[in-house]
Amino acid sequence: MSPTVTLNLLTLARALRAFADGLVSVLLPLHLLRLGYDAFDVGMIATATMLGSALLTLAVGLWSARLPRRAVLLAGSGLMVATGLAFFSLEAFWALLLAAVIGTLNPSVGDVSLFLPAEQARMADLAAPERRTTVFARYSLFASLAGAAGTGAAELFDRLAWPPATSFLSYVVAGLALALIYAVSMPRAEPMAEAPRAGLSPQTRRPILVLTALFCIDAFGGGFVLQSLIALWLYDRFGFSVTDASRTLFVMSMLGAFSHLAAPWVARRIGLVNTMVFTHLPANLFLLLAPFAPGLEVALVLLFLRSALSSMDVAPRTALILSLVPPAERAAATSVTAVPRALAAAGAPIIAGWLLASSPFGWAVVVGGGLKASYDVLLLLVGRRLARERP
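Now for a description of the structure that goes with this document. None of the values given here were measured: they were computed from a predicted structure. (Residues numbered from 1 in each chain as written. Predicted model: local features only at pLDDT ≥ 70, side-chain atom pairs only at ≥ 80, totals over all residues. Heavy atoms only, no water.)

A contiguous nonpolar surface patch, about 400 Å² in accessible area, is contributed by Met-1, Val-5, Leu-180 and Val-184. By the secondary structure assignment, Leu-180 is in helix H7 (residues 169-185). Given the relative accessible area of 58%, Leu-180 is considered exposed. (Patch = residues over 30% accessible without salt bridge, like charges linked within 9 Å, V, L, I, M, F, W, Y side chains within 5 Å. Areas by Shrake-Rupley, 256 points an atom, 1.4 Å probe, with all protein chains shown as cover. Salt bridge = Lys/Arg side-chain N within 4 Å of Asp/Glu carboxyl O. Helix = DSSP H or I, 4+ residues; strand = E, 2+ residues; numbered from the N terminus. Buried < 20%, exposed > 50% of the residue type's maximum accessible area, 1.4 Å probe, protein only.)

Right, let's talk about the pattern of salt bridges for a bit. By the definition in use, this model includes six salt bridges. Here the salt bridges share partners, and the residues they tie into one network are Glu-155, Arg-159 and Arg-247.

Where helix H3 (residues 69-89) contacts helix H4 (residues 93-102), the axes come no closer than 10 Å and their chain directions differ by 165°. The orientation of H3 relative to H4 falls into the category roughly antiparallel. Along this stretch, H3 crosses H4, giving a crossing that reads as left-handed. For the pair H3 and H4, contact is made by Leu-79, Ala-86 and Phe-87 and by Leu-96, Ala-99, Ala-100 and Ile-102, respectively. (Axes fitted to C-alpha atoms, helices over the stretch in contact; angles between N-to-C directions. Parallel < 35°, antiparallel > 145°, perpendicular 65-115°, else oblique. Left-handed = near helix turned anticlockwise from the far one by under 90°. Contact = heavy atoms within 4.5 Å.)

Further remarks concern helix H13 (residues 314-323). Residues three or four positions apart in an α-helix share a direction because the helix packs 3.6 residues into each turn. For H13, a buried count of 10 out of 10 residues is recorded, marking the element as mostly surrounded by other parts of the structure. Taken together, the buried positions of H13 are Val-314, Ala-315, Pro-316, Arg-317, Thr-318, Ala-319, Leu-320, Ile-321, Leu-322 and Ser-323.

With 28 residues, helix H6 (residues 132-159) should cover 40 Å at 1.5 Å per step; its first-to-last C-alpha distance of 42 Å lies within 8% of that length. After H6 finishes, the residue Ala-161 shows a positive phi value of roughly 60°. (Expected span 1.5 Å × (residues − 1).)

Okay, unusual backbone geometry next. For residues other than glycine, phi is negative in most cases, and the peptide bonds are mostly trans. With phi around 60°, Ala-161 is a residue other than glycine that occupies positive phi space. Mapped onto the elements of the fold, Ala-161 is located in the loop between H6 and H7. Residue classification places Ala-161 among the exposed residues on the basis of a relative accessible area of 64%.

The geometry of an aromatic ring pair is captured by the separation of the ring centres together with the interplanar angle, meaning the angle of the planes. Taken as a whole, this structure holds 13 aromatic pairs when the rule is applied. Aromatic side chains Phe-157 and Trp-162 sit 5.3 Å apart centroid to centroid with 85° between the ring planes, which places their arrangement in the edge-to-face category. When its relative accessible area of 10% is taken as the criterion, Phe-157 is described as buried. What makes Trp-162 partly exposed here is its relative accessible area of 41%. Aromatic rings pair up to connect Tyr-37, Phe-93 and Trp-94 into one cluster. Directly above the ring of Tyr-139 sits Arg-14, whose terminal nitrogen or CZ lies 4.8 Å from the centroid. Stacked on the ring of Phe-215, the Lys or Arg Arg-317 has its end atom at 5.9 Å from the ring centre. (Phe/Tyr/Trp six-rings, centres within 6.5 Å; stacked < 30°, edge-to-face > 60°. Lys NZ or Arg CZ within 6 Å of the ring centre and 35° of its normal.)

Laid out in structure tokens, this is it:
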């Protein structure tokens, strides 16, 4: 199979996951509320999902030298099917919490999962260095578009009076489709050159760990504003219906999706780090101001402005990480940066749920925006020097 076809299939796999995540992110809080749980319980479930994803991603990264990528991705597809069936059929809180830890449920369109290290390492192997930012921008773009379609599809459940639990069957369908894609696109036997995939070398460990520490600040802030939590805030603060939340999150996701298109063009002109900072910082200031808006219209404008800029750092971030390590260390670098980010983000939703349960104002949004803006300032100070030092 040609590299182009493989890249397209892996992009399609990411898009299928994003569609299911987008759909579930809108309906998960409503499903839990209808079962009698509150905002704090929603935060606990979100924390459990992110903690479980982080641990699975860590395992994949640490054992990447021993685990064939094809086997990892097929196992992940089966786990996604099991996750959908569990959330569709279970109602007891502790059973749902356990399924959240073990499974692949994602309360946001952003994808932090066991799929990413194997997928992104394979894509970096296939893409020429000068095209990596473009390849990862397209990978993220189609995921964002699919995620937006998923959030928009949530409106159908309201119009057709389908129970929110039905949305979890999208995980079953997506998981089966992913298994087919990986079966045909990933090699059964990997080249010998790839066999010694290992951890980070002493030369690359320091810059990767420095970036990881910065990314953790951003991720912890992001955990306060997961899409499910934004939906919960809109339900509580402005009395949104499922249709209202679905349409709002659809617009936000679409704006975020198209911002991916500009990232490679901007990065070629001002550099990876500058692109990450000078688009991300204004986005987070808009987010921080949204709860202080005098009314719904102004709050939505601020959320939309934030969405139009917030995703332009995604492809440059991936390209920067992969540019700092040799090919044999790519899966490890992806995991080392992704896992602490996921662990940092996992601690935030339960706090955000408590804040949302305590007050409809949106203090979780304020805290999240402030933390993410602080990350941008620190990245500007540190990231440029690391980019200059890359091999």
